[in-house]
Structure formats: structure tokens, C-alpha cells
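Here are the chains, one letter per residue:
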Amino acid sequence: MGFDRTLVMGIVNVTPDSFSDGGRWATTEAAVQRGLRLLAEGADILDVGGESTRPGADRVPVEEELARVLPVIEQLAAACAGLDRPATVSVDTMRAAVAVQAAQAGASIINDVSGGLADPNMAEAAAQTGATYVAMHWRGHSNIMDDLECYDSIVADVRSELASRVDALLAAGVRRDQIVLDPGLGFAKAGEANWPVLAQMESLQSLGFPVLIGASRKRFLGMVVAGPDGTPVAPAQRDDATAAVTALAAAQGAWGVRVHEVKASVDAVKVARAWRQAR
Ligand code: PMM
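A brief report on the enclosed structure follows. (Residues numbered from 1 in each chain as written. Predicted model: local features only at pLDDT ≥ 70, side-chain atom pairs only at ≥ 80, totals over all residues. Heavy atoms only, no water.)

With that out of the way, let us pick up the overall build of the protein chain. Of regular secondary structure, the protein chain possesses ten helices and eight strands. In terms of overall dimensions, the protein chain has C-alpha extents of about 45 × 40 × 40 Å along its principal axes. Pairs at least 24 apart in sequence give 68% of the contacts found in the protein chain among residues at least 6 apart. Split by element, the accessible area of the protein chain, about 11800 Å² in all, is 52% carbon and sulfur. Positive and negative side-chain charges in the protein chain, numbering 25 and 34 respectively, have mean positions lying 5 Å apart. (Helix = DSSP H or I, 4+ residues; strand = E, 2+ residues; numbered from the N terminus. Contact = heavy atoms within 4.5 Å. Areas by Shrake-Rupley, 256 points an atom, 1.4 Å probe, with all protein chains shown as cover. Lys, Arg positive; Asp, Glu negative; His and termini not counted. Charge placed at Lys NZ, Arg CZ, Asp CG, Glu CD.)

Structure follows, in C-alpha cells:
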């Protein structure tokens, strides 16, 4: 997709247990309605996921994941095609089989939080579909990721681990122009550790690929806007902080931001664009 401004990816979690909106859009109909609402608010991409990656989550059987995402993708892809502006659907999955079937159902982006590490067939699936492929920084599944937070230098380590993923993807036949990188905020990264990754985004951008940022409602944002007693605010009260990250990420030239509430981020992108153009 075009890159003259930061794209806003709206989250459509078809899951009963995601950390910030679990259960709210768990049926096909509710998820489709949610996606249509986000499109009306200006989303460029609808990211449909059927497996929660919240810390501690267990895996969902593949049949269950397919049953959750495919009908939603089909309907939302049709809705995108009927718009008078470009918009598209992505599938948030770590499974090659789900990625391939989602692409057949109309998804044009594969958003893999494991960067190809969770499923040995994923790189080949990405190559075969030709879809845009988001490779996120990841060290292990949600049930163990809190134990994998050991870094020499978090910014340099994320960059070099993603560079290795890029090498593996290219070797499997994925084209360079398919690849988008994501530092994986909150994934094997606790609280404060996320800030240097965000603030030094240019380190990741220097690999030469578009960068997607997924800060929306994450705990480190809840901590930064916490009240005097230091208790993080609840996920649904982190949207203003999320929009602030969108503005900063867009000003820094991020390819996209993945967010729960689209409207504020669409406006934040416009602000950042006007700001950049006036420089
Ligand atoms: N975060 C979550 C899920 N999918 N995908 C990408 N590319 N980047 C992210 O940071 C990311 C993701 C977890 O958040 P959610 O449970 O609110 O969807």
C-alpha cells in the first residue's frame, strides 16, 4: 500500500480473551460490525486476529482460529473493495495455514507476531501468497515470553534479531518489498524497556524496511499515565496516550500504527503530516 503518510491499522480481535478488548467482538457479526465502524472512522487496514497473544495466553487450535477469522476477513475484504478509497484487510496469525487461507479469503497483509519463528512454513507461505508480510520482534509464545526479557542492549538486540528474520525470509523467497518490520512492543519487553525501542525507532528504520508500531493500550502506556499511586490505568483509558504515540511515530515516518481506536490516530497522523510538510 501507499506510503505518503502513516497508515492506520484498526484492530479487530475475534477473541474471547485479548488483554484490552477480549470478548467484545467475539462473534462473526460483532467483529464485522466493529471492522465496518473502524473503516468508517478512516482505518486504512483492518487487522483481523483469532488468537490472543496476551501474556500467559495458551494457543488456540487451528480449526478454531480459522473459524473465527475467515468469515470476518471475507466480509471485511468485500467492504474494503466497495469503498472509494484504498483500504485492505490483514490477518494477525502465526500459522502458515491460516495465512494462506486468509489470503484466499481476501487478506492482503499477513501480520505475524512471531516474525516466522512460530511456524517453520510461514516464510514459504508469505512467499507463495505475495502478501505484505509484517515480521514482528518475538522471542517466544505468550505463556513464556515474560521469562525472555534479557537484553544486552534492547534497541540493538531487537534490530539484529529482526535483521536475522529478514535474512531467513529472503532466503525462503519472500521479496524485499513484501516485508514490514515491527519492534513488538510488550512482547518479551516489560514496562520501561519499551521506551527506548519506540524512541529510537530510526535504528530499526535504518534496516531499510517500513516499520509498524503496535503500542495501543499496552501496559507501558498505562504506567506512564498512572495516577499518583502508580497503578497503571485500565486498558480502555489508554487511548489518549496511544494517539500521542501515533503522532510521534508518524512524525518519525512510521509506515503504520496498529490501534484499537482509529479516529484519534487518523487525526494524529494528519497532524504529524502537516507538521512534517511544514519543516
Ligand atoms: N500486538 C498485539 C497483537 N498483534 N501485531 C503487531 N504487528 N504488532 C503488535 O504490537 C501486536 C500485534 C497484542 O495486542 P492486542 O492483544 O491488543 O491485539
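Around the ligand lies a shell of 17 residues, among which N111, D182, K218, R258 and H260 are the nearest. With respect to the ligand, the backbone of G214 contributes an N or O atom lying 3.2 Å from an oxygen atom. Alone, the ligand offers 410 Å² of accessible surface; in the complex the protein occludes 97% of this. Taken together, the residues that form the shell around the ligand break down as six nonpolar, seven polar and four charged. (Near = heavy atom within 4 Å. Polar contact = N/O pair within 3.5 Å; in protein donor to acceptor, adjacent residues only side chain to side chain. Nonpolar A, V, L, I, M, F, W, Y, C, P; charged D, E, K, R; others polar.)

A separate point is the pairing of strand β2 (residues 45-49). The two faces of a sheet get side chains in turn, since along a regular strand they alternate between them. In terms of burial, β2 is a largely internal element, five of the five residues being buried. Of the two faces of β2, the one lined by I45, D47 and G49 and the one lined by L46 and V48 are each fully buried. Examined bridge by bridge, strand β1 (residues 7-13) and β2 share five bridges and lie parallel to one another. Across the sheet, M9 pairs through a bridge with I45, a residue of β2. Of the strand pairs in this sheet, β2 and strand β3 (residues 88-92) are connected by five bridges, and their pairing is parallel. Across the sheet, residue L46 finds its bridge partner in β3, namely V89. Following the chain from β2 across helix α2 (residues 62-81) to the adjacent parallel β3, one finds a crossover that is right-handed. (Buried < 20%, exposed > 50% of the residue type's maximum accessible area, 1.4 Å probe, protein only. Pairing = 2+ DSSP bridges. Right-handed = clockwise from strand over helix to strand, strands pointing away.)

For the rest of this paragraph, the subject is the sheet that holds strand β5 (residues 132-136). If you walk across this open sheet you meet the eight strands as β6-β5-β4-β3-β2-β1-β8-β7, and the pairing is parallel. For this open sheet the edge positions go to β6 (179-182) and β7 (212-213), each flanked by a neighbour on one side alone. Along the sheet, helix α10 (residues 262-277) contacts β1 and β8 (256-259); its crossing angle with β1, the most-contacted strand, is approximately 170°. (Axes fitted to C-alpha atoms, helices over the stretch in contact; angles between N-to-C directions.)

What follows concerns the pattern of salt bridges. Throughout the structure, instances matching the rule amount to 14 salt bridges. D4 is the partner of R273 in a salt bridge, and the nearest nitrogen-oxygen pair spans 2.8 Å. Of this pair, R273 sits in helix α10 while D4 sits in the segment before β1, and the two are 269 residues apart along the sequence. It is possible to trace a salt-bridge network through shared partners that takes in R34, R217, D239 and E261. (Salt bridge = Lys/Arg side-chain N within 4 Å of Asp/Glu carboxyl O.)

Here we come to the packing of aromatic side chains. Summed over all chains, the structure comprises one aromatic pair. Centre to centre, the rings of W195 and F220 are 5.2 Å apart; their planes meet at 80°, and the pair counts as edge-to-face. Of this pair, W195 sits in helix α6 (residues 194-199) while F220 sits in helix α8 (residues 219-224), and the two are 25 residues apart along the sequence. (Phe/Tyr/Trp six-rings, centres within 6.5 Å; stacked < 30°, edge-to-face > 60°.)

Below, the discussion takes up the environment of V180. With respect to the helices, strands and loops of the structure, V180 is situated in strand β6. Here the alpha-carbon distance between V180 and N111, two residues 69 residues apart in the chain, equals 9.1 Å. Leaving out residues up to four positions away in the same chain, V180 has contacts with T132, Y133, V134, A135, P210, V211, L212 and W255.

Of note, the phi angle at A188 is positive, near 55°, even though the residue is not glycine. Looking at where A188 falls in the secondary structure, it is placed in the loop between β6 and α6. Judged by relative accessible area, which is 1%, A188 ranks as buried. The phi torsion at R217 lies on the positive side, around 60°, for a residue other than glycine.

What follows concerns the side chain of R165. Structurally, R165 can be placed in helix α5 (residues 154-171). One buried charge, R165, has no salt-bridge partner; the nearest side chain with opposite charge is D112, at 7.2 Å. Setting aside residues up to four positions removed in sequence, R165 forms contacts with G115, G116 and L117.

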